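# Structural characterization, general
Read off the chains here:
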Amino acid sequence: MILAVVFAVLAAGSNAVGTVLQRRAAVEVPDSSARLALVRHLLRSPIWFGGILGVVFAALFQALALSAGRLAMVQPLFILELPLALLVGSLVFRVRVSAKAWFCVACIFVGLALGLFSAAPSGGRDQIPGVWWVPTLAAVGGAGVVLVLTGLRRPQGLARAACLAAAAAIGNALTAALVKSSMAILSDEGATGFFLAWQTYGFAAVGSLSIFLLGYAMQGGPLIASQPALTLGDASVSFILGVTLFAESPRLGMWLLPAFLGLALLSYGVFALSRTRCLAKCIDRDDEEAQREEQHAAAAM
């Protein structure tokens, strides 16, 4: 389990670095009247390729973490990507981190540690009977579709961003479950079984769709709406899938009190950090950048 935690933290850190570097590359794009010029500049940017490399390593570390540990323990650790993105972004963009942001980071770390230590999921299985996937895909997919349709019907703002980000979070959690199942197949049946398993192509498709939805969520409203829905939604749905689908058993009884206390600290930290200007400068578009992109789009039409 220690190895799984190490890999999960490395995955969160790699994804944070990838996100910040890709944003840095986009910020450094000179003013241009064509979208193709933007693409050409990014393809020639070592910083952008560094960001892509960070995302690739994040996927690799996530697969290793899910192979070595329990879904209900590993996936919530990806919440650390949020404070790590702040720390990396503050160095890359020379952003001063406020005292409130540092307090939020502390709440996230303490709350996550307290919650996972109290829950301490144990047992479980690596592979799922095929028939169990049918109701799981129906329930999770149905919830995602409802959130997407609800979000697309709302104007730009809090509700639209939150709904689309929550749908992306559900997709991320389902992707993690499929990755864990695929890694178990790889361990038992080798590369042939891995590439013949539907789960392998399932996590590729669902993961790609989640990235697409996250892009729409970030464009659909402010960070305070999309980031908590994405961060807490992914952790919550992953925990539920770990318990119900993979039969992982959290501690109950007296352990529920510190677990809920940890959840409260974690939720406060995520919501409060998402409201800080310093985080927005590190991972979100500011008004000047948004106007510049709108000018690019208008000129290219």
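An account of the accompanying structure is given in this report. Quantities reported herein were computed from a predicted structural model and do not represent experimental measurements. (Residues numbered from 1 in each chain as written. Predicted model: local features only at pLDDT ≥ 70, side-chain atom pairs only at ≥ 80, totals over all residues. Heavy atoms only, no water.)

### What to know about the overall build of the chain
For the chain, the helix and strand inventory stands at 13 helices and two strands. The long-range fraction of contacts in the chain, counting pairs at least 24 apart against all pairs at least 6 apart in sequence, stands at 83%. Roughly 14800 Å² of accessible area belongs to the chain as shown, and the carbon and sulfur atoms make up 69% of that amount. (Helix = DSSP H or I, 4+ residues; strand = E, 2+ residues; numbered from the N terminus. Contact = heavy atoms within 4.5 Å. Areas by Shrake-Rupley, 256 points an atom, 1.4 Å probe, with all protein chains shown as cover.)

### Here's the deal with the nonpolar core
I79, L86, L273 and I283 are the most contacted members of the largest nonpolar core, which totals 55 residues. Top element by residues in this core is helix α8 (residues 158–196). It accounts for eight residues. Filtering out sequence-adjacent residues up to four positions away, I283 remains in contact with T19, V20, R23, L82, A85, M218, L223 and Q227. Core analysis: the second largest hydrophobic core is formed by 11 residues, V148, A165, A169 and L213 among them. (Core = buried A, V, L, I, M, F, W, Y, C linked by side-chain atoms within 4.5 Å. Buried < 20%, exposed > 50% of the residue type's maximum accessible area, 1.4 Å probe, protein only.)

### Details of a nonpolar patch on the surface
On the surface, a cluster of nonpolar side chains totalling about 420 Å² of accessible area is made up of L53, V56, F57, L60 and L64. Inspection of the secondary structure puts L64 in helix α3 (residues 46–68). L64 gets classed as partly exposed once you look at its relative accessible area, which sits at 31%. (Patch = residues over 30% accessible without salt bridge, like charges linked within 9 Å, V, L, I, M, F, W, Y side chains within 5 Å. Salt bridge = Lys/Arg side-chain N within 4 Å of Asp/Glu carboxyl O.)

### What to know about the packing of aromatic side chains
Enumeration over the complete set of coordinates arrives at seven aromatic pairs. When the ring of F7 is compared with that of F61, the centres are 6.2 Å apart and the planes differ by 20°; the resulting orientation is stacked. Of this pair, F7 sits in helix α1 (residues 2–27) while F61 is found in helix α3, placing the two residues 54 residues apart along the sequence. No difference in accessibility class separates F7 from F61, as the two residues are buried. An aromatic cluster is present here, built from F7, F57 and F61 joined pairwise through their rings. Taking NZ or CZ as reference, K180 lies 5.8 Å from the ring centre of F246, over its face. (Phe/Tyr/Trp six-rings, centres within 6.5 Å; stacked < 30°, edge-to-face > 60°. Lys NZ or Arg CZ within 6 Å of the ring centre and 35° of its normal.)

### A short note on the side chain of T175
Relative to the assigned elements, T175 resides in helix α8. Taking the relative accessible area as the measure of exposure, T175 reaches 12% and is therefore buried. Every residue in contact with T175, bar those within four places of it in the chain, is listed here: F203, V206, G207 and S210.

### Observations concerning the packing of α3 against α8
Helix packing for two helices is described by the angle between their axes and how far apart those axes are. Two elements in contact, α3 and α8, have axes separated by 9 Å at closest approach and are oriented at 70°. In terms of their interaxial angle, α3 and α8 are classed as roughly perpendicular. Crossing handedness for the pair α3 and α8: right-handed. Here Q62, A63, L66 and S67 of α3 come into contact with α8, specifically with A176, V179, K180 and M183. When the residues that make up the contact of α3 with α8 are grouped by side-chain class, the tally is five nonpolar, two polar and one charged. (Axes fitted to C-alpha atoms, helices over the stretch in contact; angles between N-to-C directions. Parallel < 35°, antiparallel > 145°, perpendicular 65-115°, else oblique. Left-handed = near helix turned anticlockwise from the far one by under 90°. Nonpolar A, V, L, I, M, F, W, Y, C, P; charged D, E, K, R; others polar.)

### Description of the state of the cysteines
Here the structure, examined in full by the defined rule, presents zero disulfides. Free of any disulfide, C104 has its nearest cysteine sulfur in C107, 6.3 Å distant. Residue C104 is classed as buried on the basis of its relative accessible area of 0%. (Disulfide = S-S within 2.5 Å.)

### Topic: the pattern of salt bridges
As enumerated under the stated definition, the model contains one salt bridge in all. Residues K180 and D126 are paired through a salt bridge, measuring 3.7 Å at the closest nitrogen-oxygen approach. Of this pair, K180 sits in helix α8 while D126 sits in the loop between β1 (122–123) and α7 (130–152); the two residues are 54 residues apart in sequence, bridging distant segments of the chain. Here D126 falls in the partly exposed class, since its relative accessible area comes to 46%.

### Here's the deal with unusual backbone geometry
Phi angles above zero are rare outside glycine, and A120 is one such case at about 40°. For A247, which is not glycine, the phi dihedral falls at a positive 55°. Positionally, A247 belongs in the loop between α10 (223–244) and β2 (248–249). With a relative accessible area of 33%, A247 lands in the partly exposed category.

### Here's the deal with the environment of G50
The residue G50 is located in helix α3 in this model. On the accessibility criterion, G50 (25% relative accessible area) is partly exposed.

### Concerning the packing of α8 against α10
Following both chains from N to C, one finds α8 and α10 inclined at 30°, their axes separated by 7 Å at the closest point. As judged from the angle between their axes, α8 and α10 are roughly parallel. Where α8 crosses over α10, the handedness of that crossing is right-handed. Seen from α8, the contacting residues are L158, A161, A162, A165, A166, A168, A169, I170, N172, A173, L174 and A177; seen from α10, they are I224, A225, S226, A229, L230, G233, D234, V237, S238 and L241.

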